[in-house]
Amino acid sequence: MENLNHEQREAVETVEGPLLILAGAGSGKTRVIIYRIVHLIETGVRPDRILAVTFTNKAAQEMKERIHKMLGHQRQIAAPLISTFHSLCVRILRRDVEKMQSAYTRDFTIYDTDDQTRLVRTIMKDLGFDDKSLSARLALSVISGAKNRGQSPTSYANQADYASEKTEKIAQIYRQYEQRIAQANAMDFDDLLIKTVELLRQVPDVRAHYHERFAHLMVDEFQDTNAIQYELTRLIAVGATKIEQAKINEEELWKGRSLCVVGDLDQSIYAFRGSDFNIILNFEKDFQGTKLIKLEQNYRSTQTILEAANKIIERNTQRLPKTLYATDALGQGEAIRYYQSYDGDGEASFVGEKIQEHLRRDPHTRCAVLYRTNAQSRLFEESLRRRGLAYNIVGGFSFYERAEIKDLIAYLKLAMNPHDDMALSRIINAPPRGIGKATLDILHTQQQDLGVSMWEAIGVAIANKTINTRAMLALDGFRRVMSAIRERVNADEALSEIVKAVAADTGYVSALQEEKTEEAEGRLYNIEELVSAAVEAENQGETLRDFIDHAALVADTDQYKEDARVTLMSIHAAKGLEFPVVFMVGLEENLFPHSRAASSEKDLEEERRLCYVAITRAQKYLYITHAMRRRTWGEELAAEPSRFLNEIPMTLMQDVSLGPSWLKFAARPETKHNREAAAALRGEAPPAVKKTSNFSGKTYNSVDSVNDFFKRRIQEAEAREAGTPKPVDAAKGRAGGASAGSPPPRVASASDSGAKFKVGARVRHAKYGQGMVLKVEGVGDEAKLTVSFPGYGQKKFVAKFAALEKA
DNA sequence: TTTAGTACACTTTTT
DNA sequence: GTGTACTAAA
């Protein structure tokens, strides 16, 4: 423990009572949690009396491994439980759900977002709400919000400010939704938490069990907990309902117990799904005698990066003052590199190029490209693929979201819980068995009339012969397939055997094999992967139940591979991670901050926290990029620089854009008009204008004129380039970014004479071979070189990073 | 009933 | 640009 600072050590050694740790980004908070757990165990606490709740399965896994390593030499009787809120709840419910007043059995299934949406769609169809005014997604998010506030369908309808037609409709959908999900013996993500809290409230035995078992409870990323998660935490830690708590002697309660929560207000980025950082603000009030420890020493990033982060977050009003301090060891560090590209392709090319340079210099470095929306990933993927760089992408569709995987899992789910209507409707005709819409409609009507599940409806239909012969044969075939799987499950066959049987006996694999298309090949490959995953899980001692739960609860962020050299992901997914090199891309108004957040100051502050999270992921190098034009929904539109660019001090940034850029323009006003426009760009417009909307009216117009200015310059440059003897690689064209926004080639001035490379110099490059320097911008190491390589076209380099030799 | 083709709505962020 | 949902034809 000697390598901990004073505050960290205090946090580790405080093992009794409520403890609140406010930990800034990169302040070694994960280490504190790990050391604290180890410390608890070393002072004689039984490992299985410790519970640590993390944000992702991945974080849980990592923590487990590190603790195991640290305790490796000691004999471990039991391990501490390290889990996400959702996994914890599934565990609790699978054990005790039948003890509470509800129809749920321990075989309940978990409905993921996809299942939920399909359920809402079915309900809307049944209720005749197929008009365009209400989307299933919207209905679902409203329902989820109401559920998390503890509102029943009725109280939701009553509590709405005004009874609109929409609220009334949503209330009806909500009512049906709750009914049908319960009837299917299924729970959605919200239910997992809600039902667990209900169970602990309702059944004193169960509450006492977990209260006694988990004497030491830790919650990471506490700023992102919602009211239900908080209540769950409280129930386990205190072992009493709110009313009972008033009668408890707090001092008595905390003997040999602790509740330690760790969080950072500035990194609260999940308000959109109900997390509430007021919980952390009220923690001291809720728990008498809370000890507060602040960790502000940052061990991750250079002074420059931290300054930028501090300056950004300072603008928020909803926060507690806090400043991150850099360690001397890392020092000031390099300037933040700023790059403006002509369009999205140019941005991606720049990022690809820089990643290549960084990897060439240090093959073991790790780079991350962080974007606001997952839709931005495509261009970067293409750029990296063009350069032959391997990358790992987090988010988008994960393995478990692929249709074939979901189908096979649905067979397993249905085998375990025949009332799971969503699983059934998913696979009843996959592969095609001749059960079409007409048959399903009949079944659905009968199901609604009888108030039973689809599976039961099939049985009834066959018994009563209410369906034509051909469809009946098909249904009977399906029923037999399912029964065979159920028999295997009931016979406790090995997990991997069951998965293999599902792939083969359902005809799923053979149907794909017959297709003989490339796509089918890919799907078959994925099925093989699923089988290997099952074998792996079996070796780990998992049951079929565990395997299915795992598939439902893995998050996108769990796809993150620590050792990947290049990772693409959303900023949300990057929380808790760190990288030597970070690219924060797409700094454009309406993208980041996102257009959906522009309306309210509260949302805007969350966007700013998001920006703060992105910046503080960087250890050594931070690149910030934006494009002047961006293609959205198939249309290319002018993009305005993000207001966040104005909030980072210009002195911290170095402009590596190829032509004139927004930053250069804003930094060097030369005329009165420019000065005014630049001031506006920096957000120095009169407060009255700024208050109502940060970029409107005059400000917007001036940005427009900047764009016009660049457009003209680019056209001029293009005209000149057309006359250049060495044509630009046609395939890449202007989209190569390297040539986008280029100012007219400049004759090397006398000040360039001391540079390492001069115009006209012959150079050699590891990949492109012999080339000639066409252009030198800037001086010394920072100079940007344009080099022409026969057969490869023109390439741009920064002298310092370029793998160029004099030839 | 299935399939192929076309129209269209869509994207914040995620356990 | 993409995935889904609806329509028309086999």
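Residues numbered from 1 in each chain as written. Chains lettered and ligands numbered in written order. Predicted model: local features only at pLDDT ≥ 70, side-chain atom pairs only at ≥ 80, totals over all residues. Heavy atoms only, no water.

**Student:** Hey, could you run me through the overall build of chain A in this one?
**Tutor:** Along chain A, the regular secondary structure elements total 33 helices and 21 strands. The buried share among the 807 residues of chain A stands at 54%. Considering only intrachain contacts with a sequence separation of at least 6, the fraction spanning at least 24 residues in chain A is 74%. Surface summary for chain A: the accessible area is close to 36,400 Å², and the carbon and sulfur share equals 51%. (Helix = DSSP H or I, 4+ residues; strand = E, 2+ residues; numbered from the N terminus. Buried < 20%, exposed > 50% of the residue type's maximum accessible area, 1.4 Å probe, protein only. Contact = heavy atoms within 4.5 Å. Areas by Shrake-Rupley, 256 points an atom, 1.4 Å probe, with all protein chains shown as cover.)

**Student:** I would appreciate a short explanation of the sheet that holds strand β3 (residues 81-84) in the present structure.
**Tutor:** Across a sheet, strands are paired by hydrogen bonds formed along the backbone, either parallel or antiparallel in direction. Ordered in space as β3-β2-β6-β7-β1-β8, the six strands form an open sheet in which the pairing is parallel. Among the strands making up the open sheet, the edge pair consists of β3 and β8 (291-295). Taking the axes of each pair of neighbouring strands and ignoring which way they run, one obtains an average angle of 15 degrees across the sheet. Relative to β8, strand β1 (residues 17-23) is paired through five bridges, and the arrangement is parallel. Bridge pairing in β8 links Leu 22 to Lys 294. Along the sheet, helix α14 (residues 278-286) contacts β1, β7 (258-263) and β8; its crossing angle with β1, the most-contacted strand, is approximately 145 degrees. (Pairing = 2+ DSSP bridges. Axes fitted to C-alpha atoms, helices over the stretch in contact; angles between N-to-C directions.)

**Student:** Can you walk me through the environment of Ser 87 in this structure?
**Tutor:** As for its position among the elements, Ser 87 is in helix α4 (residues 85-96). With 298 residues separating them along the chain, Ser 87 and Arg 385 place their C-alpha atoms 36 Å apart. Sequence-distant contacts of Ser 87, that is, excluding residues within four places in its chain, are made with Asn 57 and Leu 553. For Ser 87, the side chain forms a polar contact with the side chain of Asn 57, separated by 3.4 Å. (Polar contact = N/O pair within 3.5 Å; in protein donor to acceptor, adjacent residues only side chain to side chain.)

**Student:** Before we go on, may I ask you to explain the side chain of Thr 14 in this structure?
**Tutor:** Inspection of the secondary structure puts Thr 14 in the loop between α1 (6-13) and β1. We classify Thr 14 as buried; its relative accessible area is 10%. Polar side-chain contacts of Thr 14 include one of 2.7 Å to the backbone oxygen of Glu 10. Not counting residues within four places of it along the chain, the set of residues in contact with Thr 14 comprises Leu 19, Arg 36, Lys 291 and Ile 293.

**Student:** Honestly, the protein's contact with DNA strand C in this entry has me stumped. Any pointers?
**Tutor:** With respect to spatial proximity, the complete set of residues near DNA strand C consists of Arg 121, Arg 378, Trp 633 and Gly 634. Within the side chain of Arg 121, a nitrogen or oxygen atom sits 2.9 Å from a phosphate oxygen of DNA strand C. A per-class count over the surface near DNA strand C returns one nonpolar, one polar and two charged. (Near = heavy atom within 4 Å. Nonpolar A, V, L, I, M, F, W, Y, C, P; charged D, E, K, R; others polar.)

**Student:** Teacher, can you tell me more about the pattern of salt bridges here?
**Tutor:** Side-chain pairs of opposite charge can arise where the charged atoms are in close proximity. Here the structure, examined in full by the defined rule, presents 47 salt bridges. We note a salt bridge from Arg 378 to Glu 382, for which the minimum N-O separation is 3.3 Å. One end of the pair is Arg 378 and the other is Glu 382, both in helix α17 (residues 377-386) and four residues apart, which spans about a single turn. Here Glu 382 falls in the partly exposed class, since its relative accessible area comes to 31%. With its nearest N and O atoms 2.9 Å apart, the salt bridge here joins Glu 647 to Arg 608. Here Arg 608 lies in helix α28 (residues 601-615) and Glu 647 lies in helix α29 (residues 643-647), a separation of 39 residues in the sequence. On the basis of relative accessible area, Glu 647 is assigned to the buried category, the value being 6%. Connected through shared salt-bridge partners, Asp 112, Asp 114, Asp 115, Arg 118, Lys 406, Asp 407, Lys 413 and Arg 426 make up one network. (Salt bridge = Lys/Arg side-chain N within 4 Å of Asp/Glu carboxyl O.)

**Student:** Just to check I follow, could you spell out the nonpolar core for this structure?
**Tutor:** In a soluble, globular protein the nonpolar side chains are often hidden away together inside. Counting 72 residues, the largest nonpolar core has Ile 173 and Leu 192 as its most contacted members. At seven residues, the largest contribution of residues to this core is made by helix α11 (residues 227-238). By size, the runner-up hydrophobic cluster in this structure holds 53 residues, among which are Ala 415, Val 499, Leu 530 and Leu 544. (Core = buried A, V, L, I, M, F, W, Y, C linked by side-chain atoms within 4.5 Å.)

**Student:** So what exactly am I meant to see when it comes to the pairing of strand β13 (residues 579-584) here?
**Tutor:** The side chains of a regular strand alternate, first on one face of the sheet and then on the other. In terms of residue burial, β13 counts as a mostly covered element, since six of its six residues are buried. In terms of strand pairing, strand β10 (residues 367-371) meets β13 through four bridges, oriented parallel. In the strand pairing of β13, Val 369 is matched with Phe 583.

**Student:** Please explain the packing of helix α22 (residues 469-490) against helix α23 (residues 495-505) as it appears in this structure.
**Tutor:** When two helices pack together, their arrangement is given by the angle between the helix axes and by the axis-to-axis distance. Contact pair α22 / α23: the axes reach a minimum separation of 10 Å and the direction vectors enclose 170 degrees. Comparing the axis directions of α22 and α23 gives the class roughly antiparallel. Along its contact with α22, which presents Val 481, Ile 485, Arg 488 and Val 489, the element α23 presents Ile 498, Ala 501, Val 502 and Asp 505. Broken down by class, the residue content of the contact of α22 with α23 amounts to six nonpolar, no polar and two charged. (Parallel < 35°, antiparallel > 145°, perpendicular 65-115°, else oblique.)

**Student:** Looking at this structure, I do not really get unusual backbone geometry. What am I missing?
**Tutor:** With glycine set apart, most residues show a phi of negative sign, and most peptide bonds adopt trans. Going from Phe 592 to Pro 593, the amide bond is cis rather than trans, its omega being 10 degrees. Along the chain, Pro 593 falls in the loop between β13 and α28. Positioned with a positive phi, Asn 185 is a non-glycine residue whose angle comes to about 55 degrees. Looking at the element boundaries, Asn 185 is found in the loop between α8 (165-183) and β5 (186-188).

**Student:** Mind showing me how you'd approach the packing of aromatic side chains here?
**Tutor:** The geometry of an aromatic ring pair is captured by two quantities: the separation of the ring centres and the angle between the planes. For the structure shown, the criterion picks out 13 aromatic pairs. Relative to Phe 287, the ring of Phe 283 lies with its centre 4.9 Å away and its plane at 35 degrees, an arrangement referred to as tilted. Look at Tyr 338 and Trp 662: their rings are 6.2 Å apart centre to centre, the planes differ by 40 degrees, and that puts the pair in the tilted class. Here Tyr 338 is found in strand β9 (residues 336-343), whereas its partner Trp 662 is found in helix α30 (residues 662-667), with 324 residues between them in sequence. Overall, Tyr 338 belongs to the buried group, its relative accessible area being 0%. Residue Trp 662 is classed as buried on the basis of its relative accessible area, which comes to 3%. The rings of Phe 222, Tyr 230, Trp 254, Phe 283 and Phe 287 are connected pair by pair, giving a single aromatic cluster. Sitting above the plane of the Tyr 35 ring, Arg 31 keeps its charged end 5.4 Å from the centroid. Positioned above the aromatic ring of Phe 55 is the side chain of Lys 575, whose terminal nitrogen or guanidinium carbon lies 4.1 Å from the ring centre. (Phe/Tyr/Trp six-rings, centres within 6.5 Å; stacked < 30°, edge-to-face > 60°. Lys NZ or Arg CZ within 6 Å of the ring centre and 35° of its normal.)

**Student:** Honestly, the pairing of strand β14 (residues 618-632) in this entry has me stumped. Any pointers?
**Tutor:** Summarising burial for β14: 11 of the 15 residues are buried, a large majority. Here six bridges tie β9 to β14, and the two strands are oriented parallel to one another. Directly across from Asp 343, in β14, lies its bridge partner Arg 629. Bridge count between β13 and β14: five bridges; the pairing is parallel. By the bridge assignment for β14, Val 581 is matched with Tyr 621. In this sheet, strand β15 (residues 635-638) lies alongside β14 in antiparallel orientation, the contact comprising four bridges. Bridged to Thr 632 within β15 is Glu 635. Remark: two residues form the turn of the hairpin made by β14 and β15, two consecutive strands paired antiparallel; Trp 633 in that turn has positive phi of roughly 50 degrees.

**Student:** Teacher, can you tell me more about helix α6 (residues 136-148) here?
**Tutor:** One full turn of an α-helix is made of 3.6 residues, so residues set three or four places apart face in the same direction. Helix length check: α6, at 13 residues, gives a terminal C-alpha distance of 18 Å against a target of 18 Å (1.5 Å per residue), a fit within 8%. Turning to α6, its buried residues are Ala 136, Ala 139, Leu 140, Ile 143, Ala 146, Lys 147 and Asn 148. Contact partners of the buried residues in α6: α5 (113-127), α7 (153-159), α8, β5, α9 (189-202) and α11. Positioned one or two residues after α6, Gly 150 has a phi angle of 80 degrees, which is positive. (Expected span 1.5 Å × (residues − 1).)

**Student:** Any chance you could explain the state of the cysteines here in plain terms?
**Tutor:** The bond known as a disulfide is covalent and runs between the sulfur atoms of two cysteines. For the coordinates displayed, the defined rule picks out zero disulfides. Here Cys 89 is not cross-linked by a disulfide; its sulfur's nearest cysteine counterpart is in Cys 260, at 19 Å. Given a relative accessible area of 0%, Cys 89 falls into the buried group. Left without a disulfide partner, Cys 367 is nearest to the cysteine sulfur of Cys 611, which lies 19 Å away. (Disulfide = S-S within 2.5 Å.)

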